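Below, each chain spelled out in residue letters.
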Amino acid sequence: MRRAGFYLTAVLVLAAGSASAAGIDLSKPYGNKTGCINKNGQKVYAEDMLLLTDTDFITIASACTFIEKQVQADGSLVAKAQCQAEGEEGQSTIRFTIKRSAKNAKKLVIADEDDTVYGEVSRCR
């Protein structure tokens, strides 16, 4: 009986891994041109900078650290983050949706809980 429970648990873990593999893979950073240039620290300044990693979402005006991520049935990723805006004290909690672009499946679109789209990003080289 114990062995059956172990196998069931193993199957569930593998199934969960397959579901997340079918979702969005952030093991390598995504960004726009400036975001990818700045992936290892700020080298250039641009108002439109976007950088998305497995742990963070960074724009020119804010830095957000993911505290929770959940794969959705459609393959998109909903991420709850603690964000610090430039020039402001304290942090705020923001929920982002990250999904594949309708125009190009290799790109991701990032939007906040108010459906404000931050832009499209591509995998950094």
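Residues numbered from 1 in each chain as written. Predicted model: local features only at pLDDT ≥ 70, side-chain atom pairs only at ≥ 80, totals over all residues. Heavy atoms only, no water.

1. Some remarks on the overall build of the protein
Along the protein, the regular secondary structure elements total two helices and eight strands. Its helices and strands taken in sequence order, the protein reads α-β-α-β-β-β-β-β-β-β from the N to the C terminus. Relative to all contacts within the protein whose residues are 6 or more apart in sequence, the contacts with residues 24 or more apart total 28%. Here the protein displays about 8400 Å² of accessible surface, and carbon together with sulfur accounts for 53% of that area. (Helix = DSSP H or I, 4+ residues; strand = E, 2+ residues; numbered from the N terminus. Contact = heavy atoms within 4.5 Å. Areas by Shrake-Rupley, 256 points an atom, 1.4 Å probe, with all protein chains shown as cover.)

2. A look at the confidence of the model for the protein
Here the protein shows a mean pLDDT of 84. Residues at 70 or above account for 82%. Confidence scores differ between elements of the protein, with helix H1 (residues 2-22) showing the lowest mean pLDDT of 37 and strand E1 (residues 30-31) the highest of 98. Here residues 1-21 is a poorly scored stretch, pLDDT under 50, and it has two contacts once near neighbours within four places are set aside; other chains count. (pLDDT = per-residue confidence, 0-100.)

3. A short note on the nonpolar core
Counting 18 residues, the largest nonpolar core has Leu26, Leu52, Phe57, Phe66, Phe96, Ile98 and Leu108 as the members making the most contacts within it. Secondary structure elements with two or more residues in this core: strand E2 (50-52), strand E4 (62-71), strand E5 (77-85), strand E6 (92-100) and strand E7 (108-112). Contact partners of leucine 108, with chain neighbours within four places excluded, come to Ile24, Leu26, Tyr30, Leu52, Ile98, Lys99, Arg100, Ser101, Gly119, Glu120 and Val121. (Core = buried A, V, L, I, M, F, W, Y, C linked by side-chain atoms within 4.5 Å. Buried < 20%, exposed > 50% of the residue type's maximum accessible area, 1.4 Å probe, protein only.)

4. A look at the environment of lysine 69
Summarising the element assignment, lysine 69 is placed in strand E4. Take lysine 69: its relative accessible area is 36%, and that puts it in the partly exposed class. For the pair lysine 69 and phenylalanine 96, spaced 27 residues apart in sequence, the C-alpha separation works out to 9.4 Å. Reaching out from lysine 69, the side chain makes a polar contact with the side chain of aspartate 54 at a distance of 2.5 Å. (Polar contact = N/O pair within 3.5 Å; in protein donor to acceptor, adjacent residues only side chain to side chain.)

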